[in-house]
Amino acid sequence: MNYIPSPWAIVIFISFVVAVLLISYHFARKTKSASGYFAAGGNIHWSVNGIAFAGDYLSAASFLGICGMIAVSGYDGFLYSIGYLAGWIVALFIVAEPMKRMGKYTFTDALDFKFNSKGIQLVAAISTLLVSLFYLIPQMVGAGSLVTPLLGLPHWAGVVMVGTIVIIIVATAGMTSTTYVQFLKGGLLIIFSMTLVFMVFSRGISTTPDQGGDLEYHKLLSINVVNSTEGAVEIEDKSYKVVEELDGSGSVRFIKMSKGQEETIWRLNEEQGVLEETLVVSELADGTVLYNGGQKEEDKFFQIGHMSEIDGKTDTETATLNVFSFIETIKNGTVIRWSTQVIADNNTKHTIYYQNPTPGKEILSPGLKFKVDSEKGAKTTDKLDFISLMLALFLGTAALPHILIRYYTVPSPACARKSTIVAIAAIGFFYCLTLYLGLGAMVSGVIDMTNNNMSAPLLAKSFGVTIFAVISAIAFATVLGTVSGLIVAASGAVAHDLMDRFLGMNMTDKKKVFAGKMAAVVVGIIAMILGILFKGMNVSFLVGWAFAVAASANLPAIIMILFWKKTTSQGVISSILVGLTSALGLILLSQETFNNVYHLINVTAPVPINNPAIISVPLSFITLVVVSLYTQNRKKPINEPIMSEV
Amino acid sequence: MHEPSKEWKKDDASSIKELLGLWLFLLYCLVYIGFITINVVSPKFMAIDVGSFNVAITYGLGLIVLAMVLAFAYNHVSTHAEELLNNNQGRDGETE
């Protein structure tokens, strides 16, 4: 779809960014010490820190990615919400208080608490850097997705803008400003998401959604087929001419047709004897991209997503709904989802989106994205992939560096626990809202198939430009805040773990802060480059990978140091290295990476699963145990597991 | 060997909190594993109606609500344990 920026949206957006920068400027004047820069001086109130946790955690993946995935894949997107929240149970019950007691500024401090090992300092810092970078990619992709509809700028401009603003925030005031930006954004995100859900309920659901009268419903065209045999299709409407049937479309047949000078692609629905309108993005050999045969500005690529049947009626709308009746209406109806197929036609690559009417019961059950039902062709590897993802989400949260460092911004272990509980309440509530936001987008005719990350902001746009501008600005602040937290974590790994401790540079407080700021600039620039390279992937899917890497590299070491007294520094180092390399290796050789990152179509990847956690997490645990047992006589004595000491 | 940023008074409630945390964690793990198992073994069960919802949505929202309930329960018990057991030496670094 063509995005036309609104002046009002730009004003609200710029006000947000200016407010964020003013907060940074305010706290920059107070931040002189390393403790102030990396851990906000350890003086943040637990309630503020709790909401800031929510701000950190409810990143682009949660707001943009999950809502987008629910909008196109129904319940399977909500599985991310469930898994993301479950991860906080590990953080609260196992990690929160000990982490606070053991650490000073960084996750490496906590791991190295008893060992004082150069090896741990090095590998834990590298792990922090890599996990942070992996998590930064989806945030940057989300930023790029947002600025296009909001400001009418290209994807790369959004990425560069976020990168630049964040570098300013982090390089000026570090963790204090990051915390308050997160607090503000976390609170606003929850309040406005709730508002949006109420607006969805109040509008109800229609079989012809017209965005509150703002945008006329696009009635989907169909042409009756008189005769269709292999390779020959005859149609009733003679104003169209059948050009050819496209090759390589598998079980679904696509027919190229012409009307005057215009060529279009239709899907042959043999069951109903009709040709159905599709959405097509065509990449020509010269690099030109056409949307439904026209330039983007021609606005031929319409928004989609509606119910074709509500309570057995095909032309109807409901009254105001509530949390129960909204779900029930979808459950008892049929939703037109859109499936995707890529076809090469001479030198042109067509990405075709075609209608796929899906019963509401299927929308609200697992299986549309993740294959889990053997009767529908799910293989063992598909099921393992699903288990792997849920494992990564469960174990990843408590191993994310930017979450772990937030335990050092509060005054005490009890405050660390309390802030985690505030976070669970706020985040849990938000995740309940994602189900309604995603399904709301699915049936409101707002989805842009080229960018499902935009489903929630576009849902807001269907209620008017003001709420759209506010929601988009908050979403943008979401990205800013999370990226800031990640960059603080990464800069702490470089300045505190690597330079000060590993290399033994014994820097003064002032120099350490300077090194942290320089590291923030470099990491920020790398993140911008990656954000541009990974354009177009679902941000929640990318975050699933970041969780898998974090869970594999960091969590086994954290858990075993706390609960197993035979853990040695060599065991910790090996576990981090094996977890990190196995998770990254499996991701780089997975089918999803082959298709979406390397753009290799019809090439089978060597690794049959897309999420590595089910292999890499146990491997990391086993490595730690084996190496620790093997190096028992060389370890420094630890009489009790650390958990009972702290 | 480096030290953490602040020195804490000895926390006499830590063993109770540790034990409670572990049990609640195991309880949640069981419920979470049950959710994944049903999804993989019997996805059709997830589609069974439960009032306006179905099993999938009820179980999913239930997992979110259970996390909140366990978190509040854990904090309630932990705070009381700290007040009771650390009474002689002041609370565990509280500065709210």
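The model shown is predicted, which means the values in this text are computed figures rather than measured ones. (Residues numbered from 1 in each chain as written. Chains lettered and ligands numbered in written order. Predicted model: local features only at pLDDT ≥ 70, side-chain atom pairs only at ≥ 80, totals over all residues. Heavy atoms only, no water.)

1. Let's talk about the overall build of chain A
(1) Moving on: Helix and strand counts for chain A stand at 22 helices and eleven strands.
(2) Moving on: The globule rule puts the C-alpha radius of gyration for 646 residues at 26 Å, and the 26 Å found for chain A is close to it.
(3) Moving on: Once local pairs closer than 6 in sequence are excluded, the contacts in chain A between residues at least 24 apart make up 77%.
(4) Moving on: By element, 59% of the accessible surface of chain A is carried by carbon and sulfur atoms, the whole surface being about 22,300 Å².
(5) Moving on: Seen as two clouds, the 44 positive and the 44 negative side-chain charges of chain A have centres 17 Å apart. (Helix = DSSP H or I, 4+ residues; strand = E, 2+ residues; numbered from the N terminus. Rg over C-alpha atoms; globule rule 2.2 N^0.38 Å. Contact = heavy atoms within 4.5 Å. Areas by Shrake-Rupley, 256 points an atom, 1.4 Å probe, with all protein chains shown as cover. Lys, Arg positive; Asp, Glu negative; His and termini not counted. Charge placed at Lys NZ, Arg CZ, Asp CG, Glu CD.)

2. Notes on the overall build of chain B
(1) Moving on: The secondary structure content of chain B amounts to three helices and two strands.
(2) Moving on: Counting from the amino terminus, helix and strand elements in chain B follow one another as α-α-β-β-α.
(3) Moving on: Scored against the burial criterion, the 96 residues of chain B give a buried share of 44%.
(4) Moving on: Accessible area of chain B: about 4,900 Å², with a carbon and sulfur share of 70%. (Buried < 20%, exposed > 50% of the residue type's maximum accessible area, 1.4 Å probe, protein only.)

3. Structural notes on the domain arrangement of chain A
Accessible area lost upon the coming together of the parts serves often as the stated size of an interface.
Residues and elements named next belong to chain A.
(1) Moving on: One can read the domain layout of chain A as domain 1 (44-204 + 383-645) and domain 2 (212-381).
(2) Moving on: The C-alpha centroid of domain 2 is placed 35 Å from the C-alpha centroid of domain 1.
(3) Moving on: Counting residues at the interface gives 37 residues for domain 1 and 41 residues for domain 2.
(4) Moving on: The junction of domain 1 with domain 2 conceals about 3,100 Å² of combined surface from both sides, 66% of it contributed by carbon and sulfur atoms.
(5) Moving on: Run the count over domain 1 and domain 2 and you get zero salt bridges.
(6) Moving on: Our count for the contact surface shared by domain 1 and domain 2 stands at 21 residue pairs in polar contact (both at pLDDT 80 or more).
(7) Moving on: Counting residues per element, the ones that place at least two in the side of domain 1 that touches domain 2 are α4 (60-73), α5 (75-102), α8 (155-203), α11 (380-396) and α13 (413-442).
(8) Moving on: Here the side of domain 1 that touches domain 2 is composed, by residue class, of 23 nonpolar, nine polar and five charged. (Domains from an automatic or database assignment. Buried area = accessible area lost by both parts, 1.4 Å probe. Salt bridge = Lys/Arg side-chain N within 4 Å of Asp/Glu carboxyl O. Polar contact = N/O pair within 3.5 Å; in protein donor to acceptor, adjacent residues only side chain to side chain. Nonpolar A, V, L, I, M, F, W, Y, C, P; charged D, E, K, R; others polar.)

4. A look at the pattern of salt bridges
(1) Moving on: Under the definition given, this model contains 20 salt bridges over all chains.
(2) Moving on: D109 of chain A is the salt-bridge partner of R501 of chain A, the closest N and O atoms lying 3.2 Å from each other. One end of the pair, R501 of chain A, is in helix α15 (residues 465-502); the other, D109 of chain A, is in helix α6 (residues 107-111), with 392 residues separating them in the sequence. In terms of burial, R501 of chain A and D109 of chain A fall into one category: buried.
(3) Moving on: Where E263 of chain A meets K256 of chain A, a salt bridge forms, and the shortest distance between an N and an O atom there is 3.8 Å.
(4) Moving on: Connected through shared salt-bridge partners, E97 and R417 of chain A together with K17 and E82 of chain B make up one network.

5. Some remarks on the state of the cysteines
(1) Moving on: The full count for this structure, using the stated rule, is zero disulfides over all chains.
(2) Moving on: In this structure C67 of chain A is a free cysteine whose sulfur lies 13 Å from that of C432 of chain A, the closest cysteine sulfur available. (Disulfide = S-S within 2.5 Å.)

6. Comments concerning the interface of chain B and chain A
(1) Moving on: With 54 residues of chain B in contact, the opposing surface of chain A contributes 65 residues.
(2) Moving on: Both faces combined, the contact of chain B with chain A buries some 5,100 Å², and carbon together with sulfur accounts for 66% of it.
(3) Moving on: Here chain B and chain A share six salt bridges between them.
(4) Moving on: The shortest N-O distance in the salt bridge between R417 of chain A and E82 of chain B comes to 2.6 Å.
(5) Moving on: Taken together, the elements giving at least two residues each to the side of chain B that touches chain A come down to α1 (14-41), α2 (43-46), β2 (53-54) and α3 (55-85) of chain B.
(6) Moving on: The greatest single-element share of the side of chain B that touches chain A, amounting to 16 residues, is contributed by α3 of chain B.
(7) Moving on: In the side of chain B that touches chain A, the residues fall into 27 nonpolar, 14 polar and 13 charged.

7. Some details on the confidence of the model for chain B
(1) Moving on: Averaged over all residues, the pLDDT of chain B equals 83, while 80% of them reach at least 70.
(2) Moving on: Throughout residues 1-5 of chain B the model reports pLDDT below 50, and contacts reaching past four residues in sequence, or to other chains, amount to 16 contacts. (pLDDT = per-residue confidence, 0-100.)

8. Describing helix α16 (residues 509-533) of chain A
(1) Moving on: Its 25 residues give α16 of chain A an end-to-end C-alpha distance of 36 Å, which sits within 8% of 36 Å, the value for a rise of 1.5 Å per residue.
(2) Moving on: Buried residues of α16 of chain A: K512, V513, A515, G516, A519, A520, V523, G524, A527, M528 and G531 of chain A, and no others. (Expected span 1.5 Å × (residues − 1).)

9. Digging into helix α1 (residues 7-28) of chain A
Residue and element names in this part refer to chain A.
(1) Moving on: The terminal C-alpha atoms of α1, which comprises 22 residues, lie 31 Å apart, in line with the 32 Å expected from a rise of 1.5 Å per residue.
(2) Moving on: Inspection of α1 places A9, I12, F13, V17, V20, I23, S24, F27 and A28 among the buried residues, and these make up the whole buried set. Viewed end-on, α1 has its buried residues packed into an arc of 165°, placing them on one side of the element. Facing away from the buried side of α1, by more than 90 degrees, are the exposed residues P7, L22 and Y25. (Arc of directions from axis to C-beta.)

10. Focus on the environment of E298 of chain A
Residue and element names in this part refer to chain A.
(1) Moving on: Within the secondary structure, E298 sits in the loop between β8 (289-291) and β9 (306-309).
(2) Moving on: Here E298 falls in the partly exposed class, since its relative accessible area comes to 44%.
(3) Moving on: Spatially, the C-alpha atom of E298 lies 43 Å from that of P612, the residues being 314 residues apart in sequence.

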